[in-house]
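# Fold and geometry: a report
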Amino acid sequence: MESLERHEDYGQELLDESHLLADPIEQFKLWLKEAEQSNIYEPNAFVLGTVDPENHPRSRTVLLKGVGEEGFFFASNYLSRKGEALAANPYVSCVFGWYSIYRQVLIQGRAHKVSAEESDAYFNSRPRESRVAAWSSHQSQPIESRAALDAQFESALERYPGEDVPRPAHWGGYLIVPNRIEFWKGRSNRMHDRIEFSRTIADSGVVSEWQVQRLQP
Ligand SMILES: Cc1cc2nc3c(=O)[nH]c(=O)nc-3n(C[C@H](O)[C@H](O)[C@H](O)COP(=O)(O)O)c2cc1C
């Protein structure tokens, strides 16, 4: 096997508990802004891990479309593989890998479908072609050819000739309510910094305070 071992020095910039904001979501927003300012391509892209009803994990990239104290928002097709996995098991893992600035954020939480009104509001903010595309792809289903896919798009364009493209019921948003958020900062000699925030969310909805701990690299 060809060795892929490289020895990159991840630098000296340290991540100390005292550098982080008390609220990890505010801290995430700060790092996201710094990732944007560092010209990272698609800084809001993250790898979303789900587990399907047969207990098979699967990961794929999606785009973060909103973040706030209520959680992390993304949108997708509810009938896709991820949609089917989430319907059976709402627990997710998220990885934001901002490698060129030696940072990573890991989030664990529970994904909830947002209300139809919230999905409509986000859907309607999208360009017309993106809205039409939501009608023209049965995400994750096989199709015989690219030509057949293009034909589905063309026929949806004809069905919705104007700006008024309604949201398909099978397309919408999810809110990930986090119970664990880890900030990782690469350091020299593989002695990286890892600071993890965690909290418990009871079935009753009662949420504990965030606890902070440093993890070994
Ligand atoms: C940069 C990037 C951003 C993406 N953003 C989304 C997204 O926001 N929503 C989505 O459903 N798929 C998005 N995708 C496509 C997914 O990675 C994936 O192919 C699709 O959602 C089907 O996944 P599934 O079959 O596991 O459900 C994105 C892919 C890339 C590479």
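Rules used in this analysis
Every chain begins its residue count from 1, and numbering advances along the sequence as written. For this predicted model, a pLDDT threshold of at least 70 governs which residues receive local features, and a threshold of 80 or more governs which side-chain atom pairs are given and counted, while totals over whole chains, interfaces and linings are taken from all residues. Only hydrogens and water are set aside; all other atoms, that is, all heavy atoms of the structure, feed into the side-chain values. Here a helix means four or more residues in a row that DSSP labels H or I, a strand means two or more in a row labelled E, and each is numbered from the N terminus. Note on contacts: a residue pair qualifies if any of its non-hydrogen atoms lie within 4.5 Å across the two residues. The Shrake-Rupley method, run with a 1.4 Å probe, gives the accessible areas here. Residue values count only the displayed protein chains as cover. Charge assignment in this entry is limited to Lys and Arg as positive and Asp and Glu as negative, and neither His nor the chain termini are counted. Charged side chains are reduced to one point each, which is NZ for Lys, CZ for Arg, CG for Asp and CD for Glu. For each residue, the accessible area found with a 1.4 Å probe, counting protein chains only, is set against the maximum for its type, and the residue is called buried under 20%, exposed over 50%, and partly exposed in between. The reported arc concerns the directions from the helix axis to the C-beta atoms and nothing else. Here a pair means two rings of Phe, Tyr or Trp (six-membered ring of Trp) with centres within 6.5 Å. Their orientation is stacked below 30 degrees between planes, edge-to-face above 60, and tilted elsewhere. Geometrically, a lysine NZ or arginine CZ counts as sitting over a ring once it is within 6 Å of the ring centre and also within 35 degrees of the ring normal. One side-chain nitrogen of Lys or Arg within 4 Å of one carboxyl oxygen of Asp or Glu is enough to make a salt bridge. Nearness is defined per residue: one heavy atom within 4 Å of the molecule or strand is enough. Within 3.5 Å is the distance limit for a polar contact, defined as a pair of N or O atoms, with the added protein rule that one can donate a hydrogen and the other accept it, and that residues adjacent in sequence qualify only through two side-chain atoms. Each residue gets one label: Ala, Val, Leu, Ile, Met, Phe, Trp, Tyr, Cys and Pro are nonpolar, Asp, Glu, Lys and Arg are charged, and the others, such as Gly, are polar.

## Considering the overall build of the protein
Along the backbone of the protein there are 5 helices and 9 strands. Counting from the amino terminus, helix and strand elements in the protein follow one another as α-β-β-β-β-α-β-β-α-α-α-β-β-β. Taking the principal axes of the C-alpha coordinates as reference, the protein spans close to 55 × 50 × 40 Å. Sequence-distant contacts in the protein: of pairs separated by 6 or more residues, those separated by 24 or more amount to 62%. When the accessible area of the protein is evaluated, it comes to approximately 12,900 Å², of which 50% is carbon and sulfur surface. Computing the positive centroid from 24 side-chain charges and the negative centroid from 32, the protein places the two 2 Å apart.

## Some thoughts on the side chain of lysine 185
Along the chain, lysine 185 turns up in strand E7 (residues 171-185). Since its relative accessible area comes to 2%, lysine 185 is described here as buried. Once residues within four sequence positions are removed from consideration, lysine 185 is found in contact with Tyr10, Glu13, Leu15, Ile101, Tyr102, Arg103, His192 and Asp193.

## Topic: helix H3 (residues 116-124)
What H3 keeps buried is the set Ser119, Tyr122 and Phe123. End-on, the buried residues of H3 take up no more than an arc of 100°, which puts them together on one face. In H3, the exposed positions that point more than 90 degrees away from the buried face belong to Glu117 and Ala121. Contacts made by the buried residues of H3 are with strand E4 (71-77), helix H4 (128-136) and E7.

## A look at the packing of aromatic side chains
In total, this model carries 17 aromatic pairs according to the counting rule given. Ring centres 5.0 Å apart and planes at 90° place the aromatic pair phenylalanine 28 and phenylalanine 72 in the edge-to-face group. Of this pair, phenylalanine 28 sits in helix H1 (residues 24-37) while phenylalanine 72 sits in strand E4, and the two are 44 residues apart along the sequence. The buried category is assigned to phenylalanine 28, whose relative accessible area is 0%. Their ring planes at 85° and their centres at 5.8 Å tell us that phenylalanine 183 and phenylalanine 197 sit as a pair that is edge-to-face. Taken together, the residues span a long stretch of sequence, with phenylalanine 183 in strand E7 and phenylalanine 197 in strand E8 (residues 193-198) at a distance of 14 residues. Residues phenylalanine 183 and phenylalanine 197 agree in their burial class; the two are buried. For arginine 103, the ring lying beneath its charged end belongs to tryptophan 31, and the centroid distance is 4.3 Å.

## What to know about the environment of tryptophan 171
Assignment of secondary structure puts tryptophan 171 in strand E7. By relative accessible area, which is 8% here, tryptophan 171 ends up buried. Residue contacts for tryptophan 171: discarding those within four places in its chain leaves Ala75, Ser76, Asn77, Tyr78, Tyr122, Phe123, Arg126 and Ala134.

## Observations concerning the pattern of salt bridges
Under the definition given, this model contains 12 salt bridges. With a shortest N-O distance of 2.7 Å, aspartate 193 and arginine 214 are connected by a salt bridge. Placement of the pair is aspartate 193 in strand E8 and arginine 214 in strand E9 (residues 211-214), with a sequence separation of 21 residues. What makes aspartate 193 buried here is its relative accessible area of 5%.

## So, the site of the ligand
Close to the ligand lie Arg58, Arg60, Thr61, Val62, Leu63, Ala75, Ser76, Ser80, Arg81, Lys82, Gln139 and Ser140, which account for all nearby residues. Note that an oxygen atom of the ligand is positioned 3.0 Å from one of the backbone N or O atoms of leucine 63. Here the ligand, which alone exposes 620 Å², has 66% of that area covered by the protein. If you list the elements that add at least two residues to the shell around the ligand, you get strand E2 (57-63), E4 and helix H2 (81-88). Considering each element in turn, the shell around the ligand owes the most residues, 5 residues, to E2. When its residues are assigned to classes, the shell around the ligand shows 3 nonpolar, 5 polar and 4 charged.

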